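Survey of secondary and tertiary structure
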Amino acid sequence: VPMISGRGLGHTGGTLDKLDAIPGYRTTPDIETFQAVARAVGCAIVGQTAELAPADRRFYGVRDVTATVESVPLITASILSKKLAAGLGGLVMDVKVGNGAFMTNVEEARTLAESIVTVAIGAGLPTRALITDMNQVLGKAAGNALEVAEAIDYLTGRMRDPRLHGVVMALASEMLTLGGLAEDEADATKRIERVLGLGAAAEAFGKMVAALGGPPDILDRTDDHLARAPGVLAVTPPHEGFVAALDTRAIGLAVIALGGGRVRADQAIDPTVGFSEIAGIGEPVGPGRPLALVHARNREEAEGAAETLRQAVIIEAEAAEPPPLIHACVSGPDHWSPGTP
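For the structure given in this document, a descriptive report is provided here. Only a predicted model underlies this, so the values are computations on that prediction, with no experimental measurement involved.

Let's talk about the overall build of the protein
Regarding its fold elements, the protein presents 12 helices and 12 strands. The C-alpha atoms of the protein give 20 Å as radius of gyration, which agrees with the globular expectation for 341 residues (20 Å, within 12%). Taking the principal axes of the C-alpha coordinates as reference, the protein spans close to 55 × 45 × 45 Å. Considering only residue pairs separated by 6 or more positions, the protein has 69% of its internal contacts joining residues 24 or more positions apart. Working note: accessible area of the protein is about 15,800 Å², and carbon and sulfur atoms make up 56% of it.

Things to note about the sheet that holds strand β6 (residues 241-246)
Strands sit in the order β8-β6-β10 across an open sheet of three strands; the sheet is antiparallel. What marks the edges here is a single partner per strand, and that holds for β8 (284-285) and β10 (313-316). Two strands pair when backbone bridges link them, and β6 and β8 are joined in this way by two bridges, in the antiparallel orientation. Its bridge partner lying in β8, G241 is registered against V285. Contacting β6 and β10, helix α12 (residues 299-312) runs over the sheet at an angle of about 55 degrees to β10.

Details of the nonpolar core
Ranked by size, the top nonpolar core spans 36 residues in total, and within it I22, Y25, L155, L196, F205 and M208 carry the most contacts. Breaking this core down by element, the ones donating at least two residues are α2 (31-41), β2 (44-47), α6 (144-156), α7 (162-178), α8 (185-198) and α9 (200-211). Excluding residues within four positions of it along the chain, L155 makes contact with R160, L196, A201, A202 and F205. Of all hydrophobic cores here, the second largest spans 28 residues; its members include V137, A279, L291 and V294.

Concerning the pairing of β2
Because side chains alternate across β2, one face comprises the buried residues A44 and V46, and the other comprises I45 and G47, equally buried. With four bridges connecting them, strand β1 (residues 2-5) and β2 associate as parallel partners. Across the sheet, the residue bridging to P2 is A44, located in β2.

Quick notes on the sheet that holds strand β9 (residues 292-296)
The strand order across the open sheet built from three strands is β5-β9-β7, with neighbouring strands paired in antiparallel fashion. With partners counted over all chains shown, the strands left at the sheet margins are β5 (231-235) and β7 (274-276), one partner each. Direction aside, neighbouring strands of the sheet carry axes that sit 30 degrees apart on average. Across five bridges, the pairing between β5 and β9 is antiparallel. Within β9, the position partnered with V235 by the bridge is A292.

Concerning the packing of helix α4 (residues 72-85) against helix α5 (residues 106-122)
Contact geometry for α4 and α5: axes closest at 10 Å, N-to-C directions at 45 degrees. Viewed along their axes, α4 and α5 adopt a mutual orientation that is oblique. Here α4 and α5 pass one another in a crossing that is right-handed. The residues of α5 that touch α4, namely those facing V72, I75, T76, I79 and L80, are L112, S115, I116, V119 and A120. The class makeup of the residues in the contact of α4 with α5 is eight nonpolar, two polar and no charged.

Reading the values: the criteria
Residues numbered from 1 in each chain as written. Predicted model: local features only at pLDDT ≥ 70, side-chain atom pairs only at ≥ 80, totals over all residues. Heavy atoms only, no water. Helix = DSSP H or I, 4+ residues; strand = E, 2+ residues; numbered from the N terminus. Rg over C-alpha atoms; globule rule 2.2 N^0.38 Å. Contact = heavy atoms within 4.5 Å. Areas by Shrake-Rupley, 256 points an atom, 1.4 Å probe, with all protein chains shown as cover. Pairing = 2+ DSSP bridges. Axes fitted to C-alpha atoms, helices over the stretch in contact; angles between N-to-C directions. Core = buried A, V, L, I, M, F, W, Y, C linked by side-chain atoms within 4.5 Å. Buried < 20%, exposed > 50% of the residue type's maximum accessible area, 1.4 Å probe, protein only. Parallel < 35°, antiparallel > 145°, perpendicular 65-115°, else oblique. Left-handed = near helix turned anticlockwise from the far one by under 90°. Nonpolar A, V, L, I, M, F, W, Y, C, P; charged D, E, K, R; others polar.

Geometry only, nothing functional implied.
In structure tokens form, the structure reads like this:
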């Protein structure tokens, strides 16, 4: 599984920015190293270089500042330039929808999904797209090092957020069936649960990190290798109740304000800042359960982020039903199947 990823755009975090939180990890190796790691480990996540999708690298640097982040043709071209360059035999896309996504409603998300699927299939790449919910944070963390730690906790089984697990299982299942490695969804599910349960998935991640220059014991000594922010502040809710809704885009912008994202292409990112233990829709909050923990460089920035989060959350007296996790699957311009909660 060769994956060429990008950096953060707008309020969204970038895969490479997250991996940069791992000391020593090389996100821009030469092609020979990229190929060797993918062959030896089975997966490699890297970024664009002067040799890999060079035009997209330039586009990436200017889209933030030219109001073209949400352009469907540019999103399609950016994504597929990297995927096609990787020489894939099949592609499964996760297209987000909701107040934390570029596409805020299902119709917009379907337009993007069909654009990606149609262009990819036209280029000879079998492709499917799942439209998944982003009306709240996926998992419990927002911020580069914090999200890497959560991903490692997921792989090792230390902690698995149900929504994150649901999306992982759905996407991986599509990958296995599309690649002919599983007969159907039930067979795929068994295979995925087996590699998670045996620790094989975590082991593959650890090998990939080590092969690309990161610490070989990242799984066992995660806290030792991932830097931490100087301070942590619990965000107390304005009153007791249940989370009914979140402005996920505002949370992403709060991470940027803390220094965890960029508003200019040349800005450096602080990988340590962000939020952890974020309460999801339907979860109780009150004196004993904060909305989240803010990880910040100083008290002033922490309190500013805390206030932004309070303004981004609606709390009601009764628990609300979370939105569906998987809205639909797109396998072609005329193939649209509903998702499941």
